[in-house]
Amino acid sequence: MISFIICLAILVGGYFTYGKFVDNTFGPDDRETPAVAINDGIDYVVMPQWKLFLVELLNIAGLGPIFGALQGALWGPLVFLWITFGTIFAGAVHDYFSGMLSERNNGDSIAEVSGIYLGDGMKQVMRFFSVVLLIMVGTVFAVGPTGLIITLLTNKGVTGTFAKPVVWLTIIMAYYFIATFLSIDKIIGKIYPIFGICLILMAIGVAIGLPAHGYSTPELWSHFYNMHPAKTPIWSFMFITVACGAISGFHSTQAPLMARCLKSERQGHFVFYGAMVAEGIIALIWAAAGVSLYKVTGGLNTGLAEALANGQSAAIYDVSVKTMGKVGVVLAMIGVVVCPITSGDTAFRSARLTLSDWMKFDQGPKLHRLALCVPVLGVGCILGFGNVFGVIDYTVIWRYFSWTNQTLAMIVLWSASMFLASQKKNYWITAVPATFMSAVSATYFTMAPECLGMIKALTYNTKVAYPVGIIVAVVFLVIFLKAAKNAPETVTAREAAARA
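Residues numbered from 1 in each chain as written. Predicted model: local features only at pLDDT ≥ 70, side-chain atom pairs only at ≥ 80, totals over all residues. Heavy atoms only, no water.

A.B. asks: Go over the overall build of the protein chain, please, and point to the residues and values.
C.D. replies: Check the secondary structure of the protein chain and you find 20 helices and 0 strands. What you see for the protein chain is a C-alpha radius of gyration of 21 Å, in line with the 23 Å of a compact globule of 500 residues. For the C-alpha atoms alone, the extent of the protein chain along its principal axes is close to 65 × 50 × 45 Å. Sorting the 500 residues of the protein chain into buried and exposed places 61% on the buried side. (Helix = DSSP H or I, 4+ residues; strand = E, 2+ residues; numbered from the N terminus. Rg over C-alpha atoms; globule rule 2.2 N^0.38 Å. Buried < 20%, exposed > 50% of the residue type's maximum accessible area, 1.4 Å probe, protein only.)

A.B. asks: Describe unusual backbone geometry, naming the residues involved and giving the relevant values.
C.D. replies: Glycine aside, the phi torsion of most residues is negative, and most peptide linkages are trans. Going from tryptophan 235 to serine 236, the amide bond is cis rather than trans, its omega being 5 degrees. Note on placement: serine 236 falls in helix α11 (residues 234-241). Unusually for a residue other than glycine, lysine 360 sits at a positive phi of about 55 degrees. Within the secondary structure layout, lysine 360 lies in the loop between α15 (312-359) and α16 (366-388). If you check the backbone angles, lysine 424 has positive phi at about 60 degrees while not being a glycine.

A.B. asks: Can you lay out the side chain of serine 236 for me, pointing to particular residues and giving the numbers?
C.D. replies: Judged by its relative accessible area of 0%, serine 236 is buried. Among the polar contacts made by the side chain of serine 236, one reaches the main-chain carbonyl oxygen of valine 440 at a distance of 3.2 Å. Within the structure, the side chain of serine 236 is placed 3.2 Å from the backbone nitrogen of tyrosine 444, a separation counted as a polar contact. If sequence neighbours within four positions are ignored, serine 236 has contacts with Val440, Thr443, Tyr444 and Met447. (Polar contact = N/O pair within 3.5 Å; in protein donor to acceptor, adjacent residues only side chain to side chain. Contact = heavy atoms within 4.5 Å.)

A.B. asks: Explain the pattern of salt bridges to me, and be specific about the residues and the numbers.
C.D. replies: If you walk through the whole model with that rule in mind, you get 12 salt bridges. Taking the shortest distance from any N to any O, the salt bridge between lysine 123 and aspartate 120 comes out at 3.8 Å. With lysine 123 and aspartate 120 both in helix α8 (residues 120-155) and 3 residues apart, this pair spans about one turn of that helix. Note on aspartate 120: relative accessible area 55%, which makes it exposed. One salt bridge connects aspartate 357 with arginine 260, and the closest N-O pair in it is separated by 3.2 Å. (Salt bridge = Lys/Arg side-chain N within 4 Å of Asp/Glu carboxyl O.)

A.B. asks: For the nonpolar core, give the residues involved together with the corresponding values.
C.D. replies: Ranked by internal contacts, the top residues of the largest apolar core, which has 141 residues, are Phe80, Phe97, Tyr176, Phe272, Tyr273 and Trp286. Sort the elements by how many residues they give to this core and helix α13 (residues 268-292) lands first, with 16 residues. (Core = buried A, V, L, I, M, F, W, Y, C linked by side-chain atoms within 4.5 Å.)

A.B. asks: Tell me about empty space enclosed by the protein, residues and numbers included.
C.D. replies: Under the definition given, this model contains 2 cavities of 30 Å³ or more. The space that makes up the second largest cavity amounts to roughly 40 Å³. Forming the walls of the second largest cavity are Ser109, Ile110, Thr253, Pro256, Leu257, Arg260, Ser350, Leu353 and Thr354. For the lining of the second largest cavity, the secondary structure elements donating two or more residues are α12 (250-259) and α15. Across the lining of the second largest cavity, the residue classes break down as 4 nonpolar, 4 polar and 1 charged. (1 Å grid on protein atoms, 1.4 Å probe; cavity = no way out; pocket = protein on both sides within 12 Å on 5 of 7 lines; lining within 4 Å. Points joined across faces, edges and corners; volume = space filled by probe spheres on them. Nonpolar A, V, L, I, M, F, W, Y, C, P; charged D, E, K, R; others polar.)

A.B. asks: With reference to specific residues and values, describe the packing of aromatic side chains.
C.D. replies: The description of an aromatic ring pair rests on the distance of the ring centres and on the angle between the ring planes. All told, the structure shown has 25 aromatic pairs when counted by the stated rule. Both rings, one in phenylalanine 53 and one in phenylalanine 270, keep their centres 4.7 Å apart while their planes meet at 25 degrees; by these two values the pair is stacked. Separated by 217 residues along the polypeptide, phenylalanine 53 in helix α4 (residues 49-60) and phenylalanine 270 in helix α13 bring together distant segments of the chain. Taking the relative accessible area as the measure of exposure, phenylalanine 53 reaches 13% and is therefore buried. On the basis of relative accessibility, which here comes to 28%, the residue phenylalanine 270 falls in the partly exposed class. (Phe/Tyr/Trp six-rings, centres within 6.5 Å; stacked < 30°, edge-to-face > 60°.)

A.B. asks: Explain helix α9 (residues 165-181) to me, and be specific about the residues and the numbers.
C.D. replies: Since the α-helix packs 3.6 residues into each turn, any two residues three or four apart lie on the same face. Compared with an ideal rise of 1.5 Å per residue, which puts 17 residues at 24 Å, α9 spans 24 Å between its outermost C-alpha atoms and is within 8% of the ideal. Burial in α9 covers these residues: Leu169, Ile172, Met173, Tyr176, Ala179, Thr180 and Phe181. (Expected span 1.5 Å × (residues − 1).)

A.B. asks: Summarise the environment of asparagine 106; cite the residues concerned and give the values.
C.D. replies: Within the secondary structure layout, asparagine 106 lies in the loop between α6 (78-104) and α7 (110-118). Asparagine 106 sits 12 residues away from histidine 94 along the chain, and the two C-alpha atoms are 19 Å apart.

Any functional reading would require information beyond the geometric quantities listed.
Next up, the structure:
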């Protein structure tokens, strides 16, 4: 338990120390924000800081910090290190710059922002990359909650129409359509704060429930080895698996939503960096539950593997019951079901906004929004119902999402590095995690079964994948350093307006 408490303290301390250092490096000021300057009553709406924080937290906190953390716990307490230091030095930095660079550029989507600093070629790649990722995320966060609801109803003995996945998936997709279409403050701005409180209380309940029910959390120093039952390599599978609880490219697609609602740039530290630290804490709690509740055989987490083999819904439900009992599980399941839904709706909303920025398609008129909502949600329905009817494998969608997610994070960090280089500021705070994530992404792509690892000779072949990852990371860093030396000053949209 000492390891867990130390990591928790480091996360909290990191927000006040390194988080402030990052904020000072960027240099927020009192210029007029897009929410004030544009304020269209649909996507650009001024919100109070506390609401911005809770909405941002729910936007980014899908199944990742819960299911991803449980999956990451298969490697043992080592996952605590990735969640803690990954959040402080990579994930929160990534989220902060995603939001603040969007804010400086009229709230543009991350694809447009990346193009400003990495060129038009990367802009085109990011546009396609972002839309595909967002639709996959929306689908994952529709199918996931459907399974969680069915698990809950089945355990309560409910049968009939309301125990059928197709019914709940239809309800969730209908809600997604409404949330994607309407003004951000009509649904999202009103109900998210309530659900955000539920999410936080749920995490607190699990954290208190562990020692209260006599469960012992193993210490990092006595379990400093790979405890994965399948002996899956830590590098880079653990870093890909635990994404939303450490660093996630998906967050960069969500940050512009709140960048369009900031009243002041000085809110960025609390809203963007703070929300990611809060998510890291949630992930740390669920990872602690994963390594504490289940039996260990031969030094391996066989009990957790068996629980996860029954499905993510069953595993989450099991953790909730064991830590909080019958009363607490109600709150936990509300939090766990709402958590992905409140990321799924903003994923589809972000897809709409990314396409509108791409095509310069004004989203004020209702018909314009409808023209993008229908195809975006239509593709999501095809993927979602394809999974329900057994045509499309949900786990395959999740695996491709995981790699795509971390690759997007890598690109965004390089974009932030070029921004800082152009401003003659300390770019190492983003270049170091960008280099790290370049190695992670390239290594995983080389040996993962759903990527190049589908070639038998490369499947889990660390002798090939590790050198490839290192080479790619070094090449990217060298290219960046050469570009940084002669980087011209890049004037953002808001800076140009301020100077004028």
